Amino acid sequence: MQHVKNVALILIGSFIFSLGINYFAIPNGLSEGGIIGISIVLYYVFDWSTGLSTFILNTILIIIGFKYLDKRMMLYTFIGIFTTSFFLWLTEHVGTPIESDSLLAPIYAGLFAGGGIGLIFRAGGTSGGTQIISQMMKKNWGWSMANATLLIDMIVIGGSVFVIGQKKALLTVIAVYVGARAIEFIVDGLNMRKAVTIISETPEEVLEAINSNVPRGVTVLEGYGGYSKKDKKVLYVVVHKQETFKLQRIINGVDEEAFVVIHDVRNAFGGGFK
């Protein structure tokens, strides 16, 4: 049942992604990052089908990089590549240009393309291309997936300047940024977590207040003040993003002088988190 759900998400995501490219990006002279960006440039220069060129380029990459993907991801990547290429072909020439000076085109292109890829990621697959190259760079050179993907996207967009011009390339950067945020929201959504580190002169009182009002476990770490030369208890807790403001109020209600650091957590599971 879960497999059927994942395949359905990939199908829906591929279709939405294709609309972002063919309905908003290409009619308005925009490009994209990664393999789809190369396919769009080939379309502008040679009038080649984006669906066909995307399929060919991704197939070459997946043959080269198949050992960097596990079997489950490989299966979903194959499905993602095929369905994305098919829908890109199916939805060719469906869009109409938006006003040339409008930011609506890159925003909509980013929302649709990013939202579609986000659904594919949510299903445990990839759209091929950039993700495969990023996996190879991570394995061979220790690069993070985010940095590798960003580098590849910027290289592709930089090269597209000679075809679409500086103005359209800048609008493409906006579309890619919006797309990245859309992916982040689809994948993480409202389940985004925040890690909170608390250093207080009254750690026991703060600990008790958190335990009484927030259904999250708090870890107490032994710390040492580099300036004060005193032993300190450091509180560490991971909460849902929407719980962050409530936690801040609780801490301030006990110790307004408490030092609090809040940072993003990409993944958290176990201990009450799914």
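Residues numbered from 1 in each chain as written. Predicted model: local features only at pLDDT ≥ 70, side-chain atom pairs only at ≥ 80, totals over all residues. Heavy atoms only, no water.

### Description of the UniProt feature "transmembrane region" (unreviewed entry) in the protein
Working step 1: As recorded in UniProt, the sites labelled "transmembrane region" (unreviewed entry) are residues 7–26, 46–66, 73–91, 103–121 and 141–163.
Working step 2: In residues 7–26, helix accounts for 95% and strand for 0%; the two terminal C-alpha atoms are 27 Å from one another. (UniProt positions renumbered as here; feature names shortened; annotations may be inferred. Helix = DSSP H or I, 4+ residues; strand = E, 2+ residues; numbered from the N terminus.)

### A closer look at the pattern of salt bridges
Working step 1: Taken as a whole and judged by the stated rule, the model has four salt bridges.
Working step 2: Two residues, Lys232 and Glu201, come together in a salt bridge whose shortest N-O distance is 3.0 Å. Of the two residues, Lys232 sits in strand β3 (residues 231–240) while Glu201 sits in the loop between β1 (193–199) and α8 (203–213), which places them 31 residues apart along the sequence.
Working step 3: By relative accessible area, Lys232 is classed as buried at 18%.
Working step 4: The exposure class assigned to Glu201 is exposed, which follows from its relative accessible area of 63%.
Working step 5: Residue Arg216 is joined to Glu243 by a salt bridge in which the shortest nitrogen-to-oxygen separation is 3.3 Å. Here Arg216 is found in the loop between α8 and β2 (218–224), whereas its partner Glu243 is found in the loop between β3 and α9 (244–254), with 27 residues between them in sequence. Like Glu243, Arg216 is buried. (Salt bridge = Lys/Arg side-chain N within 4 Å of Asp/Glu carboxyl O. Buried < 20%, exposed > 50% of the residue type's maximum accessible area, 1.4 Å probe, protein only.)

### Brief notes about the pairing of β2
Working step 1: By the bridge criterion, seven bridges tie β2 to β3 in an arrangement that is antiparallel. Each bridged residue has a counterpart across the sheet, and for Val220 the counterpart in β3 is Leu235.
Working step 2: What sits between β2 and β3 in their antiparallel hairpin is a turn of six residues, with Lys229 showing a positive phi close to 60 degrees. (Pairing = 2+ DSSP bridges.)

### Observations regarding the sheet that holds β1
Working step 1: If you walk across this open sheet you meet the four strands as β2-β3-β1-β4, and the pairing is antiparallel. Only two strands of the sheet have a single neighbouring strand rather than two, namely β2 and β4 (259–265). Across this sheet, the average inter-strand angle for adjacent strands is 25 degrees, counted without regard to direction.
Working step 2: Taken together, the seven bridges between β1 and β4 define a ladder with antiparallel strand orientation. Along β4, the bridge assignment pairs Thr197 with Val261.
Working step 3: Of the strands in this sheet, β1, β2 and β3 are in contact with α8, which crosses β3 at around 15 degrees.
Working step 4: Along the sheet, α9 contacts β1, β3 and β4; its crossing angle with β3, the most-contacted strand, is approximately 150 degrees. (Axes fitted to C-alpha atoms, helices over the stretch in contact; angles between N-to-C directions. Contact = heavy atoms within 4.5 Å.)

### A closer look at the nonpolar core
Working step 1: Core analysis: the biggest nonpolar cluster contains 15 residues, and Ile198, Ile210, Val237 and Leu247 have the highest contact counts within it.
Working step 2: Sorting the residues of this core by element identifies β1, α8, β3 and α9 as the ones contributing at least two each.
Working step 3: The next biggest cluster of nonpolar side chains, apart from the first, holds ten residues, and it includes Ile40, Leu88, Ile117 and Ile183. (Core = buried A, V, L, I, M, F, W, Y, C linked by side-chain atoms within 4.5 Å.)

### Here's the deal with α9
Working step 1: If you check which residues of α9 are buried, you get Thr244, Leu247, Ile250 and Ile251. Viewed along the axis of α9, the buried residues span an arc of 120 degrees, placing them on a single side of the element. Exposed side of α9, more than 90 degrees from the buried face: Phe245, Arg249 and Gly253 are the residues found there.
Working step 2: The elements touched by buried residues of α9 are β1, α8, β3 and β4. (Arc of directions from axis to C-beta.)

### Structural notes on the packing of helix α1 (residues 2–25) against helix α5 (residues 104–122)
Working step 1: Contact pair α1 / α5: the axes reach a minimum separation of 7 Å and the direction vectors enclose 165 degrees. On the basis of their axis angle, the class for α1 and α5 is roughly antiparallel. For the pair α1 and α5, the crossing hand works out as left-handed. Across the interface between the two elements, Leu9, Ile10, Ile12, Gly13, Ser14, Ile16, Phe17, Leu19, Gly20, Ile21, Phe24 and Ala25 of α1 pack against Ala105, Tyr108, Ala109, Phe112, Ala113, Gly116, Ile117, Leu119, Ile120 and Arg122 of α5.
Working step 2: When its residues are assigned to classes, the contact of α1 with α5 shows 17 nonpolar, four polar and one charged. (Parallel < 35°, antiparallel > 145°, perpendicular 65-115°, else oblique. Left-handed = near helix turned anticlockwise from the far one by under 90°. Nonpolar A, V, L, I, M, F, W, Y, C, P; charged D, E, K, R; others polar.)

### Considerations on the packing of aromatic side chains
Working step 1: Scanning the entire structure with this criterion turns up eight aromatic pairs.
Working step 2: Between Phe24 and Tyr108 the ring centres are 5.2 Å apart and the planes differ by 20 degrees, which places this aromatic pair in the stacked class. In this pair, Phe24 sits in helix α1 while Tyr108 sits in helix α5, placing the two residues 84 residues apart along the sequence.
Working step 3: Overall, the relative accessible area of 11% leaves Phe24 in the buried class.
Working step 4: According to the relative accessible area criterion, Tyr108 is partly exposed, its value standing at 36%.
Working step 5: By the ring-pair criterion, three or more aromatic residues cluster together here, those being Phe15, Phe86, Phe87 and Trp89.
Working step 6: Sitting above the plane of the Tyr177 ring, Arg181 keeps its charged end 5.0 Å from the centroid. (Phe/Tyr/Trp six-rings, centres within 6.5 Å; stacked < 30°, edge-to-face > 60°. Lys NZ or Arg CZ within 6 Å of the ring centre and 35° of its normal.)

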